[in-house]
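Coordinate inspection notes
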Amino acid sequence: MCGIVGYIGKRDVAPLLLEGLQRLEYRGYDSAGIAIHASGKTGGLKTAKAKGRVRELESRLPKRFAGTTGIAHTRWATHGAPNDENAHPHVDAEGKVAVVHNGIIDNAAELRAKLTADGVEFASETDTEVLAHLIGRSQAEKLEEKVREALRHIEGTYGIAVLHSDFADRIVVARNGSPVVLGIGEKEMFVSSDVAALVSHTRQVVTLDDGEMATLKADDYRTYTTEGSRTTSSPETVEYAAESYDMGAHDTYMHKEISEQADAVDRALRGRIDDRFSTVHLGGLNLDAREARGVRRVKILGCGTSYHAGQIGAQMIEELARIPSDAEPASEFRYRNPVVDPDTLYVAVSQSGETYDVLAAVQELKRKGARVLGLVNVVGSAIARETDGGIYVHAGPEVCVVSTKCFTNMVVSFALLALHLGRIRDLSVADGKRIIDGLRRLPQQITEILAGEAEIKKLAGLYADAKSMMFIGRVRGYPVAREASLKLKEVSYIHAEAYPASELKHGPLALIEPAMPTVAIVPDDDLLEKNRAALEEIKARSGRILAVAHQEQEKADHTIVVPKNEPELDPILMGIPLQLLAYHTALSLGRDIDKPRNLAKSVTVE
Ligand code: F6R
């Protein structure tokens, strides 16, 4: 949500920052802007901003816009409408300070009132502008001190980068709750909210902690706390190469990421399976066997798609480890003063590792002394750092705003956790082996499902005229239905509802008619006959049915047949064709697939 990028070095900065913004656009895309230290005699700061996508900004850059130091931002509006004025960077009254900011300043209204009373005129409705004025008005000598002084007045979250025309040799950055990553180059330095904007230039990065600041000069950087004490941070090497962030031969990131799932699952399994004991090694859990045996409940917290992965995960843990488990949206959990039980293992699940609601839930749990694990994709992200241990899901970079491969890898990672906990408790060697064999079959079975894309595309064409769709599933199939329904609505904008198949006759059956098709998850498990009965009920009301099943379903108008795995692992496979269904439906409706309206990846605000 909102992306920051900055550069200091010898290269022409504007094209470099624009390229960085393109890579960050998935974090927010309602407006963008750039500020540079202008080279040449006049010097000083120059800014350019535009409502809309980064390409709008590019087309609006003034002819003379040369410099070798600058900061830029792509926005997802929180304070004030998306327009030119509210786009970042924001400048102070004298035009000497430029600030880009991710996060929310909670006391912005109060600070704005004080500054206005002092005669400051605001040019935007944003919270960020307050910060530009505070820095501009500081009497401190050094830029670092000016920024520090301004931040003392701020309550809320921020990742910021600051330019000052009197300090053209540096960029000052700070972090509290919103990611800031430094990219360390050869006589050039980068800063970004996300490694995606850095990896084409350097894979050496330093991730700032909350409460940390940094000064970047072309040939040097130093990090320190907001109180001014030096911190030591040596660069780490980013795991993925620049190409992992490119679209390659695909037309959209969503398609690329759906197609990568066999490899992604393979990565999640690699080096973790222990055939000797029919279990898995999860090195980062930091939970020994005795502690694992002491767990009496598992509570999984996540948002959106990750919450759905958590619902499947909870069922897996309950089935394989026989530990009572459930999942809850982190956004709800944190507001209901939850009872925190010392024998409960909490698991925070998040692709970005930045989602504010999940992070806040983790912090609340930690404050109350709970043990919290993370199931996270982005290495070194805030949630990964806040938790006591965890599992990286190793899906690789996910750029499309809607999550696909990461969902699949989260569910696979939950299967690993369930197996691990199960084998420490009462899951037999034979069952452990059965699950391991099933996990090993997944990549090949995913490849088989993806090979059926042309057929799924045809089906998408048949259902794309629907105004509304129903998704149903029973027990293991229900979270699959929920995720498939979310995927369809967010990328195609077709209204979709998900219901447990068992609940149909308790109300939603009233909606069934030819114009309301149903997608039904029908695995060949012990509930097959019950699911078939639901299909009969729908057919009797002239409803159209698309089934995802292990064999053709007589009552369905169409069936997508998926390969069968172990019953506990079937949910991993049954969702995949429905990702393609959502994708092709959206494509046929001409939607902006990678950047659906009103959405942004990494929701770092409440
Ligand atoms: C939907 C989607 C969102 C995210 C949710 C949590 O396709 O991507 O629902 O799953 O915003 O994000 P993370 O997983 O980054 O915590």
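Since we're looking at a predicted model, the values are computed, not measured.

1. Examining the overall build of the chain
- In terms of regular secondary structure, the chain is built from 19 helices and 27 strands.
- In terms of overall size, the chain behaves like a compact globule, its C-alpha atoms giving a radius of gyration of 25 Å where 606 residues would be expected to give roughly 25 Å.
- Expressed along its principal axes, the backbone C-alpha trace of the chain runs to roughly 80 × 55 × 45 Å.
- For the chain, with 606 residues in total, the buried portion stands at 60%.
- A separation of at least 24 residues holds for 70% of the contacts in the chain among residues at least 6 apart in sequence.
- As presented, the chain carries roughly 23,500 Å² of accessible surface, and 48% of it is formed by carbon and sulfur atoms.
- Each charge sign in the chain was given a centre, from 74 positive and 86 negative side chains, and these centres are 1 Å apart.

2. Overview of the sheet that holds strand 11 (residues 204-207)
- The sheet built from eight strands is open, its strands ordered 3-2-4-1-10-9-11-15 with antiparallel pairing. The open sheet terminates on both sides in strands that have one partner only, identified here as strand 3 (45-51) and strand 15 (236-237).
- Pairing of strand 1 (residues 3-8) with strand 10 (residues 189-192) involves four bridges; the strand directions are antiparallel. Bridge pairing in strand 10 links Gly6 to Val191.

3. A few points about the site of the ligand
- Contacts to the ligand come from 13 residues, most closely from Ser306, Ser350, Ser352, Thr355 and Glu490.
- Here an oxygen atom of the ligand and a backbone polar atom of Val401 are 3.4 Å apart.
- Here an oxygen atom of the ligand sits 2.5 Å away from a polar atom, N or O, in the side chain of Glu490.
- Counting only elements with at least two residues in the shell around the ligand, the list comes to helix 9 (304-321) and helix 16 (477-492).
- If one sorts the elements of the shell around the ligand by residue count, helix 9 sits on top with three residues.
- Looking at side-chain class alone, the shell around the ligand contains three nonpolar, eight polar and two charged residues.

4. Observations regarding unusual backbone geometry
- Note the cis peptide between His88 and Pro89, where omega equals 5°.
- As for its placement among the helices and strands, Pro89 is situated in the loop between strand 4 (69-75) and strand 5 (90-91).
- Of note, the phi angle at Arg322 is positive, near 55°, even though the residue is not glycine.
- Along the chain, Arg322 falls in the loop between helix 9 and strand 19 (325-329).

5. Brief notes about the side chain of Ser468
- Of note, Ser468 is situated in strand 23 (residues 468-473).
- For Ser468, a relative accessible area of 14% puts it in the buried group.
- There is a polar contact of 2.6 Å between the side chain of Ser468 and the side chain of His495.
- With sequence-adjacent residues up to four places away left out, Ser468 is seen in contact with Ile494, His495, Ala515, Met516 and Pro517.

6. So, the pairing of strand 4
- Most of strand 4 is tucked away: seven of the seven residues are buried.
- Alternating residues of strand 4 divide into Thr69, Ile71, His73 and Arg75 and Gly70, Ala72 and Thr74, and every residue in both groups is buried.
- Where strand 2 (residues 31-37) meets strand 4, six bridges bridge the pair, whose relative direction is antiparallel. Residue pairing across strands places Ala35 opposite Ile71, the latter belonging to strand 4.

7. Structural notes on the domain arrangement of the chain
- Assigned domains within the chain: domain 1 (3-241), domain 2 (247-449) and domain 3 (452-606).
- A straight line from the C-alpha centre of domain 1 to that of domain 3 covers 43 Å.
- With 10 residues of domain 1 at the interface, the matching set in domain 3 holds nine residues.
- Taken together, the two surfaces of domain 1 and domain 3 that pack against each other cover about 940 Å², and 57% of this comes from carbon and sulfur.
- Sorting the residues of domain 1 by area buried against domain 3 places Tyr26, Tyr29 and Trp76 first, and these three jointly supply 49% of that buried surface.
- Between domain 1 and domain 3 we count two salt bridges in total.
- Between Lys595 and Glu25 there is a salt bridge, with its nearest N and O atoms 3.6 Å apart.
- At the surface where domain 1 touches domain 3, the tally comes to two residue pairs in polar contact (both at pLDDT 80 or more).
- Class assignment for the residues of the side of domain 1 that touches domain 3 results in four nonpolar, three polar and three charged.

8. Some points on helix 16
- Over its 16 residues, helix 16 runs 22 Å from end to end, which matches the ideal 22 Å to within 8%, given 1.5 Å per residue.
- For helix 16, the buried fraction is high: 13 of the 16 residues fall into the buried class.
- Within two residues after helix 16, Tyr493 carries a phi angle of roughly 70°, on the positive side.

Definitions and limits used
- Sequence order as written defines the numbering, with residues in each chain counted from 1.
- With the structure being a predicted model, the display of local features is reserved for residues of pLDDT at least 70 and the display and counting of side-chain atom pairs for 80 or more, all residues being used for whole-chain, interface and lining totals.
- Side-chain measures were taken over the full set of non-hydrogen atoms in the model, leaving aside hydrogen atoms and water.
- Each helix is a run of H or I in the DSSP string that is no shorter than four residues. Each strand is a run of E no shorter than two, and both are numbered from the N terminus.
- Each radius of gyration reported is based on C-alpha atoms, and the globular scaling rule is 2.2 Å times the count of residues to the power 0.38.
- Burial classes follow relative accessibility: with a 1.4 Å probe on protein chains only, a residue under 20% of its type's maximum area counts as buried, one over 50% as exposed, and anything between as partly exposed.
- Residue contacts are defined here by distance: any two heavy atoms, one from each residue, within 4.5 Å place the two residues in contact.
- For accessible areas, the Shrake-Rupley method is used with a probe of radius 1.4 Å. Any residue's cover is judged against the shown protein chains and nothing else.
- Charge counting follows a simple rule: Lys and Arg are positive, Asp and Glu are negative, and His as well as the terminal groups are ignored.
- Note on charges: their place is set at NZ of Lys, CZ of Arg, CG of Asp or CD of Glu.
- For two strands to pair, DSSP has to find at least two bridges joining them.
- Throughout this document, a residue counts as near a molecule or strand when at least one of its heavy atoms sits within 4 Å of that molecule or strand.
- Whenever a nitrogen or oxygen atom comes within 3.5 Å of another N or O atom, the pair is scored as a polar contact, on the condition that within protein one atom can donate a hydrogen and the other can accept it, and that pairs from neighbouring residues in sequence are kept only if both atoms are in side chains.
- Following the grouping adopted for this structure description, the nonpolar residues are Ala, Val, Leu, Ile, Met, Phe, Trp, Tyr, Cys and Pro, the charged ones are Asp, Glu, Lys and Arg, and the polar ones are all others, Gly among them.
- Those domain boundaries reflect an automatic or database domain assignment.
- Two parts placed together each lose some accessible area under a 1.4 Å probe, and adding up what both lose gives the buried area.
- Should a side-chain nitrogen of Lys or Arg be within 4 Å of a carboxyl oxygen of Asp or Glu, the pair is scored as a salt bridge.
- Every helix has an expected span of 1.5 Å times one less than the residues it contains.

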